[in-house]
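Here's the letter readout for the chains.
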Amino acid sequence: QVQPVESGGGLVQAGGSLRLSCAVSGIGISTSAMGWYRQAPGKQREWVATIHTRTATAYADSVKGRFTISRDNAKNTVYLEMDSLKPEDTAVYYCNFVLTYLQFPWGQGTQVTVSS
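This text gives an overview of the structure that appears in the document. (Residues numbered from 1 in each chain as written. Predicted model: local features only at pLDDT ≥ 70, side-chain atom pairs only at ≥ 80, totals over all residues. Heavy atoms only, no water.)

**Here we look at the nonpolar core**
- Counting residues in hydrophobic clusters, the biggest one holds 27 residues, and the most contacted among them are Met34, Trp36, Leu80, Met82 and Tyr93.
- Counting residues per element, the ones that place at least two in this core are β3 (18-25), β4 (34-39), β5 (46-51), β7 (67-72), β8 (77-82), β9 (91-97) and β10 (110-115).
- Not counting residues within four places of it along the chain, the set of residues in contact with Met82 comprises Gly16, Ser17, Leu18, Leu20, Arg66, Phe67, Tyr93 and Val112. (Core = buried A, V, L, I, M, F, W, Y, C linked by side-chain atoms within 4.5 Å. Buried < 20%, exposed > 50% of the residue type's maximum accessible area, 1.4 Å probe, protein only. Helix = DSSP H or I, 4+ residues; strand = E, 2+ residues; numbered from the N terminus. Contact = heavy atoms within 4.5 Å.)

So this is what it looks like as structure tokens:
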């Protein structure tokens with residue numbers, strides 16, 4: 001059974017930093033692009049960042065220059081370094097494959113709350 005475990009969230013003041021981790025069990029992640037997504041209260045889940053198999057990355061405009069996605073294939077883990085956090089970054093953060101036909105059931109996510 002494929003299971004992602006997101007962690008590292010918390011409460012932080014605006015301007016602060018957090019590092020999220022997503023450890024995936026049950027399937028290898030090294031051969032496909034992985035992404036971070038987030039869902040704020042009352043809103044649909046949105047894409048945040050992608051890391052491809054050879055470390056090329058892409059970011060939503062709202063986080064570009066502030067967030068950094070990385071991966072450790074040996075640990076089957078994806079990371080999201082978040083700096084200069086803003087209240088609008090408040091959401092539950094999830095990881096998954098980017099290609100929809102590969103996606104596994106969404107995990108519990110990790111809550112990020114940024115206070116102003």
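**With respect to a nonpolar patch on the surface**
- Residues Leu99, Tyr101 and Leu102 make up a contiguous nonpolar surface patch of about 320 Å² in total accessible area.
- Within the fold, Leu99 resides in the loop between β9 and β10.
- You can call Leu99 partly exposed: its relative accessible area is 39%. (Patch = residues over 30% accessible without salt bridge, like charges linked within 9 Å, V, L, I, M, F, W, Y side chains within 5 Å. Areas by Shrake-Rupley, 256 points an atom, 1.4 Å probe, with all protein chains shown as cover. Salt bridge = Lys/Arg side-chain N within 4 Å of Asp/Glu carboxyl O.)

**Focus: the sheet that holds strand β2 (residues 10-13)**
- Overall, mixed pairing links the six strands, which are arranged β2-β10-β9-β4-β5-β6 in an open sheet. The open sheet has two edge strands, β2 and β6 (57-59), and neither has a second partner. The average undirected angle you get between the axes of adjacent strands in this sheet is 25°.
- In this structure, β9 lies alongside β10, joined through three bridges in antiparallel fashion. Counterpart to Ala91 in the pairing with β10 is Val112. (Pairing = 2+ DSSP bridges. Axes fitted to C-alpha atoms, helices over the stretch in contact; angles between N-to-C directions.)

**Quick look at the packing of aromatic side chains**
- Inspection of every chain in the model, using the stated rule, returns three aromatic pairs.
- Pairing Tyr37 with Trp106 gives two aromatic rings, centres 5.2 Å apart and planes at 85°, and the pair type is edge-to-face. Highlighted residues: Tyr37 in strand β4 and Trp106 in the loop between β9 and β10, separated in sequence by 69 residues.
- The class for Tyr37 is buried, based on a relative accessible area of 9%.
- What makes Trp106 partly exposed here is its relative accessible area of 31%.
- On the numbers, 5.9 Å between centres and 80° between planes, the contact of Tyr94 with Trp106 is edge-to-face. Here Tyr94, found in strand β9, pairs with Trp106, found in the loop between β9 and β10; they are twelve residues apart in sequence, far enough to count as distant.
- The exposure class of Tyr94 is buried, given its relative accessible area of 10%. (Phe/Tyr/Trp six-rings, centres within 6.5 Å; stacked < 30°, edge-to-face > 60°.)

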